[in-house]
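Structural description and commentary
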Number of protein chains: 4
Amino acid sequence: MKNKEYFFKVLDKGFVKLIDFIGSDEKVVLAARVSFNLKTKGEEKDRKLIEYLLKHEHFTPFEHCVFQFHIKCPIFVARQWMRHRWGSYNEVSARYTEVNDEFYIPEKFRIQDIKNKQGSIISENLNHEEIKKTYQETIENSYKKYLELLSKGVAREMARMLLPVASYTQFYWTVNARSLLNFLKLRLDEHAQHEIREYAKVISKIFEEKMPWTWEFFNKVYAKKD
Amino acid sequence: MKNKEYFFKVLDKGFVKLIDFIGSDEKVVLAARVSFNLKTKGEEKDRKLIEYLLKHEHFTPFEHCVFQFHIKCPIFVARQWMRHRWGSYNEVSARYTEVNDEFYIPEKFRIQDIKNKQGSIISENLNHEEIKKTYQETIENSYKKYLELLSKGVAREMARMLLPVASYTQFYWTVNARSLLNFLKLRLDEHAQHEIREYAKVISKIFEEKMPWTWEFFNKVYAKKD
Amino acid sequence: MKNKEYFFKVLDKGFVKLIDFIGSDEKVVLAARVSFNLKTKGEEKDRKLIEYLLKHEHFTPFEHCVFQFHIKCPIFVARQWMRHRWGSYNEVSARYTEVNDEFYIPEKFRIQDIKNKQGSIISENLNHEEIKKTYQETIENSYKKYLELLSKGVAREMARMLLPVASYTQFYWTVNARSLLNFLKLRLDEHAQHEIREYAKVISKIFEEKMPWTWEFFNKVYAKKD
Amino acid sequence: MKNKEYFFKVLDKGFVKLIDFIGSDEKVVLAARVSFNLKTKGEEKDRKLIEYLLKHEHFTPFEHCVFQFHIKCPIFVARQWMRHRWGSYNEVSARYTEVNDEFYIPEKFRIQDIKNKQGSIISENLNHEEIKKTYQETIENSYKKYLELLSKGVAREMARMLLPVASYTQFYWTVNARSLLNFLKLRLDEHAQHEIREYAKVISKIFEEKMPWTWEFFNKVYAKKD
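What counts, and at which threshold
Residues numbered from 1 in each chain as written. Chains lettered and ligands numbered in written order. Predicted model: local features only at pLDDT ≥ 70, side-chain atom pairs only at ≥ 80, totals over all residues. Heavy atoms only, no water. Helix = DSSP H or I, 4+ residues; strand = E, 2+ residues; numbered from the N terminus. Buried < 20%, exposed > 50% of the residue type's maximum accessible area, 1.4 Å probe, protein only. Contact = heavy atoms within 4.5 Å. Areas by Shrake-Rupley, 256 points an atom, 1.4 Å probe, with all protein chains shown as cover. Lys, Arg positive; Asp, Glu negative; His and termini not counted. Charge placed at Lys NZ, Arg CZ, Asp CG, Glu CD. Domains from an automatic or database assignment. Salt bridge = Lys/Arg side-chain N within 4 Å of Asp/Glu carboxyl O. Axes fitted to C-alpha atoms, helices over the stretch in contact; angles between N-to-C directions. Parallel < 35°, antiparallel > 145°, perpendicular 65-115°, else oblique. Left-handed = near helix turned anticlockwise from the far one by under 90°. Pairing = 2+ DSSP bridges. Buried area = accessible area lost by both parts, 1.4 Å probe. Polar contact = N/O pair within 3.5 Å; in protein donor to acceptor, adjacent residues only side chain to side chain. Nonpolar A, V, L, I, M, F, W, Y, C, P; charged D, E, K, R; others polar. Expected span 1.5 Å × (residues − 1).

The helix and strand inventory of chain A stands at 8 helices and 7 strands. Summarising its shape, the C-alpha atoms of chain A cover approximately 65 × 40 × 30 Å along the three principal directions. Within chain A, buried positions represent 59% of all 226 residues. Within chain A, residue pairs in contact and separated by at least 24 positions form 73% of the contacts whose partners lie at least 6 positions apart. Looking at chain A as shown, the accessible area adds up to about 9,700 Å², and 49% of this sits on carbon and sulfur atoms. Mean positive and mean negative side-chain charge positions of chain A (39 and 32 charges, respectively) differ by 5 Å.

As a further point, take the domain arrangement of chain A. Taken as a whole, chain A is organised into domain 1 (6-91 + 167-225) and domain 2 (110-162). Once you take the C-alpha centre of each, domain 1 of chain A and domain 2 of chain A turn out to be 31 Å apart.

This part takes up the pattern of salt bridges. As enumerated under the stated definition, the model contains 84 salt bridges over all chains in all. The salt bridge partner of Lys185 of chain B is Glu57 of chain D, with a shortest N-O separation of 2.9 Å. Linking Lys185 of chain B in helix 6 (residues 177-188) with Glu57 of chain D in the loop between helix 2 (43-55) and strand 3 (66-74), this pair reaches from one chain into another. Assessed through its relative accessible area of 23%, Lys185 of chain B is described here as partly exposed.

This part covers unusual backbone geometry. Here the phi dihedral of Glu57 of chain C falls at roughly 55°; this positive angle occurs in a residue that is not glycine. Of note in this structure, Leu11 of chain D is not a glycine but carries a positive phi near 55°. The residue Leu11 of chain D is located in the loop between strand 1 (7-10) and strand 2 (14-22) in this model.

Residues and elements named next belong to chain D. Where helix 6 (residues 177-188) meets helix 7 (residues 194-210), the closest approach of the two axes is 9 Å, and the angle between their N-to-C directions is 140°. Taken together, helix 6 and helix 7 sit at an angle that is classed as oblique. The handedness of the crossing between helix 6 and helix 7 is left-handed. Taken together, the residues of helix 7 that come into contact with helix 6 (itself represented by Ala177, Leu180, Leu181, Phe183, Leu184, Arg187 and Leu188) are Ile196, Arg197, Ala200, Lys201, Ile203, Ser204 and Phe207.

What follows covers the sheet that holds strand 7 (residues 168-176) of chain D. Residue and element names in this part refer to chain D. Pairing within the open sheet is antiparallel, and its 5 strands lie in the order 1-2-3-7-4. Each end of this open sheet is capped by a strand with a single partner; those strands are strand 1 and strand 4 (88-91). Across the sheet, the axes of successive neighbouring strands diverge by a mean angle of 20°, strand direction being ignored. Pairing geometry for strand 2 and strand 3, over 7 bridges, is antiparallel. For Leu18, the partnering residue across the bridge sits in strand 3 and is Phe69. Lying on the sheet, helix 6 is in contact with strand 3 and strand 7; it crosses strand 7 at an angle near 130°.

All names here are of chain B. With respect to topology, 5 strands assemble into an open sheet ordered 1-2-3-7-4, the strand pairing being antiparallel. Each edge of the open sheet carries a strand with a single partner, namely strand 1 (7-10) and strand 4 (88-91). Neighbour-to-neighbour, the strand axes of this sheet turn through a mean angle of 20°, independent of strand direction. By the bridge criterion, 4 bridges tie strand 1 to strand 2 (residues 14-22) in an arrangement that is antiparallel. Looking at the pairing, Val10 lines up with Gly14 of strand 2. Relative to the sheet, helix 6 contacts strand 3 (66-74) and strand 7 (168-176), its axis offset from that of strand 7 by approximately 130°.

The next subject is the interface of chain A and chain B. Across the contact, 59 residues belong to chain A and 59 residues belong to chain B. With both chains or domains summed, chain A and chain B bury close to 5,200 Å², and 55% of this area falls on carbon and sulfur atoms. If you sort the residues of chain A by the area they bury against chain B, Arg79, Arg95 and Met161 of chain A come out on top, with a joint share of 14%. Inspection of the chain A/chain B interface yields 8 salt bridges. Arg110 of chain A is the partner of Glu157 of chain B in a salt bridge, and the nearest nitrogen-oxygen pair spans 2.9 Å. Counting the contacts that link chain A with chain B gives 27 residue pairs in polar contact (both at pLDDT 80 or more). Considering every element that reaches the side of chain A that touches chain B, the biggest residue donor is helix 4 (residues 128-151) of chain A, with 11 residues. Class assignment for the residues of the side of chain A that touches chain B results in 25 nonpolar, 18 polar and 16 charged.

Two residues of an α-helix separated by three or four positions point the same way, owing to the 3.6 residues in each turn. Compared with an ideal rise of 1.5 Å per residue, which puts 13 residues at 18 Å, helix 2 of chain D spans 18 Å between its outermost C-alpha atoms and is within 8% of the ideal. Positive phi shows up at Glu57 of chain D, right after helix 2 of chain D, with a value of about 55°.

Given below as structure tokens:
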């Protein structure tokens, strides 16, 4: 990790940054074998073991690899994110700090998907310019009123109640590889909202680089299942 | 639970409703003793045991008592709430359902507390009427624009990005007594935000009624400690 | 639960007893819909929803159903059991209580399975009588020496170090339906040890009776996947 | 970690080895501030923040520091250890591997403590030589019979049922600093069994070296409380 920066922009103002990492495909193998002698059994056997573990849902050896991220994303994305309980979060507080003028402004808007009640799809039938203008003006108004309340002496923790869920927030996230695979499976899924999928895609690239065999077989095993 | 409704209004439009409960002070005692013969050792000894468990932080016996709530609260409160990971949540989704015209409108606004950087206090120096008007108009504007985007065909999951964190949401919460005590300790604390403390107060009343000895000694032990 | 006893003998001296339960298939449906109005949408739609949730691994609604068991099993089984971390355990302590003369004595012994390095199979080539005699005498000797050490004044927590992992222990177990399904999937598997599978089978019968639709679709979905 | 080996012998044949670690006192401070700019505010302020976090039980920032150990200890110690659920374990399996001739043989035996029903104390009234002889012979007999059953073809997973809880086992343990502090508090306590306290003592030395400020204030805050 010394020579490489893992920093990726996501959406219009967000990012994913890998801060720290311990582990490797080999660590999974060692933990599974509890062999402790720090020797692996050769690439072919190690790869087979990883495939076996994923196939039979023996997930504990993956818990010994730990990722640590710094994330910047809109609140509505953070809300979906933090439903994943097996991980550690420390988030910036709008009670303690004044909120910056940073909101998620989409390039294109999506219409309700008729087939998928939760989903949405890009449509050229929308007047994107007009919608974006309405959207942006509403958010700017909310932010202006937020500042106005602050200037009148209202406490930060109350003034922020006006702010939209499009507001950007930031947090530290420490998560083991098992829990992260679960996050990726659910959040890369086409039923997940577009915005969080963008984060999941970037994180999956980092995962793949750090634990390539695990990622390879995870996809193979779960692609098979559907 | 049959003859009594546990339903309490909180803030202007929220509520706490106890849906289900298993356990009792006696269950804690039985679990601690793993006596299983369904006999207790008499009130005095049982009370002493509960005090001992709390004092020495032997919290596992309290995990066998389980509360199930239906909560309605603003999003910024739900965000603080769901940081408590040892519990189960199912929340209404703004991706699936159109959001109602329900927002938290405080009666009085608070100013920043100078001593406590996160805190706030009621002040008569504020022009409450004027501030409330600004606050309410901003929220009404956001909601109007939300409906406008919906009417133009924008998907629910995108239109809702405008909505303020003052929006009410609802969720199911299943939590054991150990985790609930931890929630109450942190959220009844004077450093917690006023709004979530209002919920914590109501829940503490329910807790006290269901597990009176545990509540009594919990307060005694933790009051001592400070 | 009022009119029926859920008590089942397992192995030679163990048992599974259901002490308490909250939930139902309907509760899963309600939590998933967060409909809260306590109305379901009719059997056909409710069944479909449960199938959908299991198929797409939306497991949180199942967490609102909670089982509470009293278990008696050998220590080596309890060791496998308590690796399941998302649940609450209170176990009898051999530090506090003198251990009874209760050990698991198998009727038949199994030989190492050549195909499955962890597994074992019943074989008529073994001299079961002779093996059982050796096994039983060894355990009786250990227990006799345990009592001897106690009589000489050795503390319980030290004398018990002699006792075999075949010793029976007892514990309270509170677990939600999601975590219990995970337990059942792993412990009903043919790779699990015969003894814990016997417990899993009994528990699966209780599960089926309490949440029949969930059990039906859980089996359907997971049978498909292999 | 490169230049120093963290390997410590515990009891007669056990050990604690630190395999990996991410974090530092500074990481706690950064996570608490979510400052992310990788700058601290100077030693004095950083130390004060750590004290504040521990005093007010804001434990999440400590979750971003992760320890990874390889442990060798007797089964009865491992049983107490694995009751700590917020951590990851991978243990050697007696189903898969033949168990070695390694058992915990105490130097001195303890008598039951009259004041503390769970506790024990060293006493010179015991005939340590005689007791040790009985203890050791019993264990040797169990191990001999274990090998005998194996030689007759009995599967490993059955033959091991004879083996005493004094048998040594090994496991990988990945745990964050918050959960580790909780482990240390409970297992350094004088109510904990002597044998697991020996492990806790060694681990506390490693903790102190890796996170000296956290350790200093943790002791200060919790010493005060009693």
